[in-house]
Amino acid sequence: MKAVNAYPPSLRRCLEELQKLPGIGPKSAQRILFHLLERGAGASVELAETLLALGKRVERCPDCRAFKEAGAACALCGDPSRDGRLLCIVESAADVLLIEGTGEFRGHYHVLHGLLSPMKGIHPEQLGLEVLDRRLGGGTVEEVILATPPTAEGEATASYLANHLAGRVAQISRIAYGLPVGTDFQYVDTLTLSRALSGRRRFL
Amino acid sequence: MPALSSEAFVLLRHPLTESSWIVTLFTREEGVVRAVAKGARRTTSPFRGALEPLSRVRVEVVLKEGRELGTLRSAELLEGSLDLHGRWPEAAVLMGMGETLERALPAHAAEEESYRLLGAVLAGLRAGAPPLLAWVYFSAWLLRLHGVFPRPEGCVTCGAQGYPLLLDLGAGEWRCPRCQRQRPAEGRALTGPMASLLEAVFRSPLASLARREFPQEALSALSGMVYWALAAYLGRPLATWPALESLGGAAGP
Ligand SMILES: [Zn+2]
Ligand SMILES: [Zn+2]
């Protein structure tokens, strides 16, 4: 992309910044950039102000580590209709949204902000265990659900957490490994199938 | 296009794009091979579930002349590793072995014995070998296979049979304290109990050691010595060391 060098510096800088975002390559960055320019100065200013507020007004909740508006109560922890006996541990704040989308879970959350991966520099100290311990110390939580993904890091993190939590809570559960809904057995890999079998539940 | 077809262990995987991984494979036929696994991060990928670290797979990799990075054509899972990742601290041993092999093995050079060692350690862990013993077994054997941690058979200079013996890491030789003039730091001496543990490691499969009791103090000291030698061999400490410390071995360098 030699032509980029012909762009004005502000434009080039914006292209560079956009490409640091996940899933944005040079082409997408250009598309976003020109779209903003076409819409006029107002569009970029509005976006810039929104982003500025994101950086300044959004913080981690000290109790669940999900994101919340600075100075306001956490929409999750502050909701009295939620079941304080259930605590679901997830890798990221995006996972909270996914689980909320199912409508199946009305308990509380703990967001790890990563999975154990010493190679990537993610160690137990980064998982907010002191926050978790404080919440469990309150004595209300009866069941912790380990909802990390069924990957090497997800499994390792779940087992590390299970060791850490043993004896501090009545029940520790792991989300089930299952078959994708609507899938024919012929198209399922053997690992998923074997995990679905070992994780079977009583039907009758 | 020539394709490498081999059994392999997945050592590591890094995201390349939103949908693809770069996987580091320890193939039986050609040693370490790196390849792009296109689309592997999608839930519909045929590679899905087969590329978790320390899984044993059968792979086909297309390698182009003069290019370091190949393209993964197929990967069939032979033995998964999620059972062991789901057991802490066994998972820490798997992470440590993945990093060590990725750093210790040269690319495109088969190492049949190191390949078998990895399989044996995974089997040993499944048979219930204590994780610290498994880690010591792996690192002592890997260093021995690479010529830097020989089986101790007395002082190589004067032939004295007693202990302690000191490891001359540069030469890969054991010497008695009288012959080894450069004194290594505290704790780098092989005592009698450590030597009999090391002898068991070099003589028996890990799975068969799973049922034997070893003095914890000797195991811990030996782990410290082996890790010191490993870090020196690799040129710097392991990133996974903080996780391995939870196994209860002696402090690293
Ligand atoms: Zn909260
Ligand atoms: Zn001597």
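Residues numbered from 1 in each chain as written. Chains lettered and ligands numbered in written order. Predicted model: local features only at pLDDT ≥ 70, side-chain atom pairs only at ≥ 80, totals over all residues. Heavy atoms only, no water.

**Describing the coordination of the zinc ion (ligand 2)**
Residue and element names in this part refer to chain B.
Inference 1: Around the zinc ion (ligand 2), the protein contributes the donor atoms Cys155 (SG), Cys158 (SG), Cys176 (SG) and Cys179 (SG), which lie 2.2 to 2.4 Å from the metal centre.
Inference 2: Of note is the zinc ion (ligand 2), whose four donor atoms meet at the metal with angles of 103 to 117° in an arrangement that counts as tetrahedral.
Inference 3: Every donor residue of the zinc ion (ligand 2) comes from the same chain, spaced as C-x2-C-x17-C-x2-C. In this pair, Cys155 sits in the loop between α4 (131-145) and β6 (165-168) while Cys176 sits in the loop between β7 (173-175) and β8 (189-190), placing the two residues 21 residues apart along the sequence. The exposure classification of Cys155 matches that of Cys176, with both residues buried. (Donors = N, O, S within 2.8 Å, 3.2 Å for Na, K, Ca; no water. Tetrahedral: all angles 85-135°; square planar, octahedral: opposite > 155°, others 65-115°. Helix = DSSP H or I, 4+ residues; strand = E, 2+ residues; numbered from the N terminus. Buried < 20%, exposed > 50% of the residue type's maximum accessible area, 1.4 Å probe, protein only.)

**Quick look at the packing of helix α2 (residues 90-104) of chain B against helix α3 (residues 112-126) of chain B**
Residues and elements named next belong to chain B.
Inference 1: Between α2 and α3, whose axes approach to 11 Å, the crossing angle comes to 175°. Put simply, α2 runs roughly antiparallel to α3. Only Leu118, Val121, Leu122 and Leu125 of α3 make contact with α2, whose side of the interface consists of Glu90, Val93, Leu94, Met97 and Leu101. (Axes fitted to C-alpha atoms, helices over the stretch in contact; angles between N-to-C directions. Parallel < 35°, antiparallel > 145°, perpendicular 65-115°, else oblique. Contact = heavy atoms within 4.5 Å.)

**A closer look at the domain arrangement of chain B**
Residue and element names in this part refer to chain B.
Inference 1: Structurally, chain B comprises domain 1 (4-80) and domain 2 (84-244).
Inference 2: Taking only C-alpha atoms, the centre of domain 1 and the centre of domain 2 are 28 Å apart.
Inference 3: Between domain 1 and domain 2, the residue contacts involve 22 residues of the former and 20 residues of the latter.
Inference 4: With both chains or domains summed, domain 1 and domain 2 bury close to 1,800 Å², and 64% of this area falls on carbon and sulfur atoms. (Domains from an automatic or database assignment. Buried area = accessible area lost by both parts, 1.4 Å probe.)

**Structural notes on the sheet that holds β8(B)**
Residue and element names in this part refer to chain B.
Inference 1: Pairing within the open sheet is antiparallel, and its three strands lie in the order β7-β6-β8. The open sheet has two edge strands, β7 and β8, and neither has a second partner.
Inference 2: Inspection of the sheet shows β6 paired to β7 by three bridges, in the antiparallel sense. Bridging from a neighbouring strand, Leu166 pairs with Arg175 of β7. (Pairing = 2+ DSSP bridges.)

**Details of the nonpolar core**
Residue and element names in this part refer to chain B.
Inference 1: If you look at the biggest cluster of nonpolar residues, it comprises 66 residues, and the most contacted ones within it are Met97, Leu118, Val121, Trp135, Phe149 and Leu190.
Inference 2: Structurally, this core is a two-domain feature, drawing no fewer than three residues from each of domain 1 (4-80) and domain 2 (84-244).
Inference 3: Apart from the residues within four sequence positions on either side, Val121 is in contact with Met97, Ala134, Tyr137, Phe138 and Leu206. (Core = buried A, V, L, I, M, F, W, Y, C linked by side-chain atoms within 4.5 Å.)

**What to know about the packing of aromatic side chains**
Residues and elements named next belong to chain B.
Inference 1: Considering all chains together, one arrives at nine aromatic pairs over all chains under this definition.
Inference 2: Consider the rings of Phe26 and Tyr115, whose centres lie 5.3 Å apart with planes at 75°: the pair is edge-to-face. Of this pair, Phe26 sits in strand β2 (residues 21-27) while Tyr115 sits in helix α3, placing them 89 residues apart in sequence. Summarising the burial analysis for this pair, Phe26 and Tyr115 share the class buried.
Inference 3: One aromatic cluster in this structure is built from Phe9, Phe26 and Tyr115. (Phe/Tyr/Trp six-rings, centres within 6.5 Å; stacked < 30°, edge-to-face > 60°.)

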